[in-house]
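For reference, the chains in residue letters:
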Amino acid sequence: MTSPKEDIEANIKRAENDFERLSSLREKLEILTEHVTGRKEALDEEIEESLHEAIQNGKDCLERIAETIEPKLGTLISERLETVQRKMDRLKEENVDAVQAEIEKATPALLNSLIQQADSMLILKIKTAEEKLKTQLKEELAAEANKQRLELEQKIKLAMLLGCGALGGVILTIAMVMLRG
């Protein structure tokens, strides 16, 4: 059977291991968040590059058409490209906002779940350690009380023995005084 001290140390070790696991999960969550953010930024850049390339290609086509068709048609195409550009920009912003909203929406729930799990494990471990500590303290207090009781009994016996010896000395002195007198 293990001693209460070993049980407490084992509980402390388990609590440390659980804390390390929670820290590891938190680090992984941060890495995942950074990865999602980085991936979102990379996709935004890709979309932006593709948009700029498409717009540039459209402008190149527009220049060739403008050389061959009337200026009115060129103006109409330019206006249409600007409208498309604005729509694409708005879609890009909406996509960025939607991705960010999903990340923000998921993060608190995940953090709350992790915190609740950690809290419940910690409360259970604290209660277990508290109960073991109470038992150990009761045993130690009982042992100390018993030890002090035995010491007190020995002191009382010694005092009684010394008292009896002193009483015997007094009686002997009285007897000697009476015999002389």
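This section reports on the structure supplied with the text. As the structure is a prediction and not an experimental result, all values here were calculated from the model.

Calculation criteria
Residues numbered from 1 in each chain as written. Predicted model: local features only at pLDDT ≥ 70, side-chain atom pairs only at ≥ 80, totals over all residues. Heavy atoms only, no water. Patch = residues over 30% accessible without salt bridge, like charges linked within 9 Å, V, L, I, M, F, W, Y side chains within 5 Å. Areas by Shrake-Rupley, 256 points an atom, 1.4 Å probe, with all protein chains shown as cover. Salt bridge = Lys/Arg side-chain N within 4 Å of Asp/Glu carboxyl O. Lys, Arg positive; Asp, Glu negative; His and termini not counted. Charge placed at Lys NZ, Arg CZ, Asp CG, Glu CD. Helix = DSSP H or I, 4+ residues; strand = E, 2+ residues; numbered from the N terminus. Buried < 20%, exposed > 50% of the residue type's maximum accessible area, 1.4 Å probe, protein only.

1. With respect to a positive patch on the surface
Logical step 1: A cluster of basic residues, Arg80, Arg86, Lys87 and Arg90, forms a positive patch at the surface.
Logical step 2: Within the secondary structure, Lys87 sits in helix H2 (residues 71-180).

2. Regarding the pattern of salt bridges
Logical step 1: All told, the structure shown has 6 salt bridges when counted by the stated rule.
Logical step 2: Two residues, Lys132 and Asp7, come together in a salt bridge whose shortest N-O distance is 3.9 Å. With a gap of 125 residues between them, Lys132 in helix H2 and Asp7 in helix H1 (residues 4-68) connect regions that are remote in the sequence.
Logical step 3: With a relative accessible area of 27%, Lys132 lands in the partly exposed category.
Logical step 4: In this structure Asp7 comes out as partly exposed when scored by relative accessible area, which is 21%.
Logical step 5: Of the charged contacts, one joins Asp18 and Lys125 as a salt bridge, the two residues approaching to 3.4 Å between their closest N and O atoms. Of this pair, Asp18 sits in helix H1 while Lys125 sits in helix H2; the two residues are 107 residues apart in sequence, bridging distant segments of the chain.
Logical step 6: Put simply, Asp18, Arg21 and Lys125 are held in one network by salt bridges that share partners.

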